[in-house]
Structures are given as structure tokens and as C-alpha cells.
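Architecture at a glance
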Amino acid sequence: MAQDLYTHPDYVLLDEFLTDEQKLVREAARTWLKKEASPIVEEYFEKAEFPSQLIPGLAGIGAFGPYIPEEYGGPGLDQISYGLLMQEIERVDSGLRSTASVQSSLVMYPIWKFGSEEQKRKYLPKLASGEWMGCFGLTEPNHGSDPGSMESHYTDAGDHVVLNGSKMWISNAPFAHVAVVWAKDETGRIHGLILERGMEGFSTPKMMKKHSLRVSDTGELLFENVKVPKENILPNVSGLRGPLTCLDSARYGIAWGALGAAMDCYDQALRYAKERTQFGVPIASFQLTQKKLAEMITEITKAQCLTLRVGQLRNEGRATGAQISMIKRNNVEIALKIAREARQILGAMGITGDYSIMRHMANLESVVTYEGTQDIHLLITGMDITGISAFKRDEPDLSKMK
Ligand SMILES: Cc1cc2nc3c(=O)[nH]c(=O)nc-3n(C[C@H](O)[C@H](O)[C@H](O)COP(=O)(O)OP(=O)(O)OC[C@H]3O[C@@H](n4cnc5c(N)ncnc54)[C@H](O)[C@@H]3O)c2cc1C
């Protein structure tokens, strides 16, 4: 890959709203990522392999549980620093950010929010340092957008429960040491269970042939009469609220992250347009190129304002799930459009691995689907503003289907 010359666009001087600590966190992350991650990421994308040698460094920049308090081994940062970290990581690759998001918001967050004191002390420090990696099992082969209908279930067997079922599309599954798994008890109520690699009947086969998020390992979680000690059940939450609260935290980080991918595409396209000459002049001097770049920076700036504001609200504990849903949907949508436009500005070079634009584009096709598809986020906003849920409709009469 060409040398990583990234600088972030800041058209309306939003950096003036950041604290010195937030800027320092971003700078330290960027410096490390440019040195250690940018030079190897394309090679690992081609190999479809997670670069596990980056784990200690990711932990070092605070990417695993940025907001987890120091007493549990985390860096104890605020929500805007968390967002900036996800932005810097996804600016390099969405797959790397996915690994960090899952570890932070889908594994550490539920243990921190809903776990017992013993669970927090046992798992959080090891997850923060990257000694243990985690995954989050919600999606099932037959239940994606509608996780409430999940089939994974467990029965009471005295001092332990017996878990059966399966999960699919699980990031980090093939190498994770621990898995936070959502399953129903005998009454049909959803609970979170912490599984550890090595438990009998628990396997994590890798899913292959992904054309997107190739540096992030994805797998299945299979449970065949897995005996899970009762002390591994998260005691302080039940129902769909458990996984949905985790998704809010992850979606918030994804919103910042997708914007990072958009900013990287814009940065590369702008530099390329000024350097590339056709018809005797830089292609940046053509009005049609300027239109593309002007529209990109406008969308990036709008998204930066919206995202920073939701970050401020989240720091105050006032951000709603619907607001987070809006920034996730908006930022991924603009990032995909910007990646496509940037790819065009680079002409044929845009399809190569010498630039990260095509990789961002392919990655964003997963980011637009996981943690709620665009349709689901539109329905969340629709429900928020009308008060009417449109998630479920009456069963169609299949006999009349053409
Ligand atoms: C690379 C990758 C990593 C992932 N990592 C994880 C992970 O770590 N853990 C995890 O639990 N899951 C993970 N997922 C799963 C992801 O969250 C699901 O793919 C997502 O929720 C969508 O579910 P689905 O793919 O089953 O699509 P479906 O739910 O089958 O949806 C198919 C289509 O129908 C539309 N649709 C569904 N319901 C409605 C509705 N009510 N109204 C209108 N349209 C609707 C959707 O928008 C979509 O376009 C991952 C997915 C990918 C691709």
C-alpha cells in the first residue's frame, strides 16, 4: 500500500470542541496505527486473516473497553475519546474496528453493566489487556433482524444449566477465549451467559468466502448440551433489553468508525485529484471532480457535527437509542456513497490495493448490514417520531403470493 499520509478533514473547526485528552488519545492511536497497522492491513485483507500480532498494540492505545474504569483494567476514557478511537481504527480498516467494537461494547460492556462483581474482576482486566479476546452471540441462522425470536435455549440442571442451539455471523468467534451468548431460559426469557473456550459441546467453526471485512474473523457458535455453571449467567439483566443496550454502545462506536472510513476516502481522493494530471491539468481543476469533492466534504462535515453532538449527549447520559440509531444509519450511508465517488476519482487506480478505498467500500457493505440494517434503523427513527412500531406486520396470505 502507498505511504499513509492521512490527515483528518475538519472544515468547521470541530477540533475546538475537543479536550486536550481527547486529542491526545486520537494522536497516539493515529501514530501507532500508521506505523503498525497501515503497512500490513492490505496483505491480511487479501489473505482473509486477522492480524493477531496487533492485539497488544490495540490494547495499548485503549481500544479494548475505552470507557471501562481503571479499577477493572480499562483506561476509563469518556465517550468522545471512545468514538475517536473507533474513528482512527476504522479509518485504517472496518474489520480491525469490528474486532475492537465487539471486544469493547459487546463483551466487556455487558459484563461491566450486567455482570456480578466476581465476573467483572475475572474477565474485564484480561479483556482490556487483550490477553483474552471475546465474541458476542446474538444472531442465529434463522433470526437476524428479529433476535427476539431466537431458538438457543437452556434448561436448569442444579448448579449449572444445559445450553443448546447455534449462532451465526459471529465476529471474533474463531479465536475468542470467551463468548457472551444470549439464550432463552425455560420460560422463554432471554439471558446472557458467559461461555469459555474448552467447555464440552461448545465449538466455533470459521465462516469462509467473505468478500467484506476480511481482516475480521467471523464464525459460528455451536452449543450441544453445553454445561454452563450458573455463576456464568449475567445476573443483572433479562429480556431483549440486555443485548439491545450493548448494541447501542456498539452502534455509537460504529457511527464514529464509518465516518473515519469516509474521511480516509475523501482524504485520498483529494490528494490524488491534485496530483493526477489529464488533458495537461490536475484532475482537481475539473468542475465535475470539484463537485464530487465538495459534496463529500459537505456530507462529512454534517455527519461530524451530528456525531459529536450525540457524543456530548452520551457523555451526559442523555443520548437515546434512536439518536444513536440515526448516526449509525446516516454515517454508514454517506461513507458508502463517498467510497464510491472517491473510487471514481482515482479511476483504475481506485480498484487496486495500493489505496484503501475499494477495501473500505467492500467492508462498508457489512457495516451497513450488521448491528441493524438500514431498514431496521429507519423503522427505529419512524417509531421514535410517530410512536407507532412498524417492525412487524400481519402474516401475509402465502396462497395468494405470485
Ligand atoms: C461480517 C458480519 C459480522 C457480524 N458479526 C456479528 C456478531 O458479532 N454477533 C452477532 O450476533 N451478529 C453479527 N452479525 C449479524 C448481523 O447483525 C445480521 O446480519 C443483521 O442483524 C441482519 O440479519 P440477517 O443478515 O439475518 O438479515 P435479515 O434479518 O434476514 O434481513 C434481510 C433483509 O430483510 C430486511 N428486513 C428484515 N426485517 C425487516 C422489517 N421488519 N422491515 C423491513 N425490512 C426488514 C433487512 O433490512 C434486510 O434487508 C454479523 C454480520 C456480518 C455480515
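Note: the structure precedes this text.
Residues numbered from 1 in each chain as written. Predicted model: local features only at pLDDT ≥ 70, side-chain atom pairs only at ≥ 80, totals over all residues. Heavy atoms only, no water.

**Some details on the pattern of salt bridges**
- By the definition in use, this model includes 21 salt bridges.
- Notably, a salt bridge pairs Lys47 with Glu43, separated by 3.4 Å at the nearest N-O pair. One end of the pair, Lys47, and the other, Glu43, are both in helix H1 (residues 20-47), four residues apart, so they sit about a helical turn from each other.
- The shortest N-O distance in the salt bridge between Lys337 and Glu333 comes to 3.8 Å. Note that Lys337 and Glu333 are positioned in helix H8 (residues 321-345) at a spacing of four residues, about one turn of the helix.
- Overlapping salt bridges bring together Asp4, Arg91 and Asp264 as one network. (Salt bridge = Lys/Arg side-chain N within 4 Å of Asp/Glu carboxyl O. Helix = DSSP H or I, 4+ residues; strand = E, 2+ residues; numbered from the N terminus.)

**Topic: the packing of aromatic side chains**
- Scanning all chains against the criterion turns up twelve aromatic pairs.
- Taking the centre distance of 5.7 Å and the plane angle of 40° together, the rings of Tyr82 and Tyr252 count as tilted. Taken together, the residues span a long stretch of sequence, with Tyr82 in helix H3 (residues 79-92) and Tyr252 in helix H6 (residues 241-275) at a distance of 170 residues.
- The buried category is assigned to Tyr252, whose relative accessible area is 0%.
- An angle of 90° between the planes, with centres 5.9 Å apart, marks the rings of Tyr272 and Tyr355 as edge-to-face. With Tyr272 in helix H6 and Tyr355 in the loop between H8 and helix H9 (357-367), this residue pair connects regions lying 83 residues apart in the sequence. Here Tyr272 and Tyr355 have matching classes, each one buried.
- By way of ring pairs, the aromatic residues Tyr67, Tyr82, Tyr109, Trp112, Tyr252 and Trp256 are connected into one cluster.
- In this arrangement the basic side chain of Arg314 is found over the ring face of Tyr252, its NZ or CZ atom lying 5.3 Å from the centre. (Phe/Tyr/Trp six-rings, centres within 6.5 Å; stacked < 30°, edge-to-face > 60°. Buried < 20%, exposed > 50% of the residue type's maximum accessible area, 1.4 Å probe, protein only. Lys NZ or Arg CZ within 6 Å of the ring centre and 35° of its normal.)

**Details of the packing of H1 against H3**
- Packing of H1 against H3 brings their axes to within 9 Å, and their N-to-C directions diverge by 20°. Put simply, H1 runs roughly parallel to H3. Where H1 crosses over H3, the handedness of that crossing is right-handed. Residues Gln22, Val25, Arg26, Ala29, Arg30, Leu33, Lys34, Ala37, Ser38 and Val41 of H1 pack against Ile80, Ser81, Leu84, Leu85, Glu88, Ile89, Arg91 and Val92 of H3.
- Across the contact of H1 with H3, the residue classes tally to ten nonpolar, three polar and five charged. (Axes fitted to C-alpha atoms, helices over the stretch in contact; angles between N-to-C directions. Parallel < 35°, antiparallel > 145°, perpendicular 65-115°, else oblique. Left-handed = near helix turned anticlockwise from the far one by under 90°. Contact = heavy atoms within 4.5 Å. Nonpolar A, V, L, I, M, F, W, Y, C, P; charged D, E, K, R; others polar.)

**Considering the layout of surface pockets**
- Of the volumes computed, that of the largest pocket is approximately 1300 Å³.
- Lining the largest pocket are 40 residues, with Thr139, Gly144, Tyr370, Glu371 and Gly372 positioned closest to its centre.
- Broken down by secondary-structure element, the contributors of at least two residues to the lining of the largest pocket are helix H4 (94-114), strand E3 (160-171), H6, H8, H9 and helix H10 (374-386).
- Considered class by class, the residues forming the lining of the largest pocket number 18 nonpolar, 13 polar and nine charged. (1 Å grid on protein atoms, 1.4 Å probe; cavity = no way out; pocket = protein on both sides within 12 Å on 5 of 7 lines; lining within 4 Å. Points joined across faces, edges and corners; volume = space filled by probe spheres on them.)

**Thoughts on unusual backbone geometry**
- In this structure, Trp169 is a non-glycine residue whose phi angle is positive, near 65°.
- The backbone phi angle of Asn172 is positive, close to 75°, even though this residue is not glycine.
- Relative to the helices and strands, Asn172 is located in the loop between E3 and strand E4 (178-184).

**Description of the side chain of Ser356**
- Secondary-structure assignment places Ser356 in the loop between H8 and H9.
- Overall, the relative accessible area of 1% leaves Ser356 in the buried class.
- Polar contacts involving the side chain of Ser356 include one to the side chain of Gln268, which spans 2.5 Å. (Polar contact = N/O pair within 3.5 Å; in protein donor to acceptor, adjacent residues only side chain to side chain.)

Purely geometric numbers; function is a separate question.
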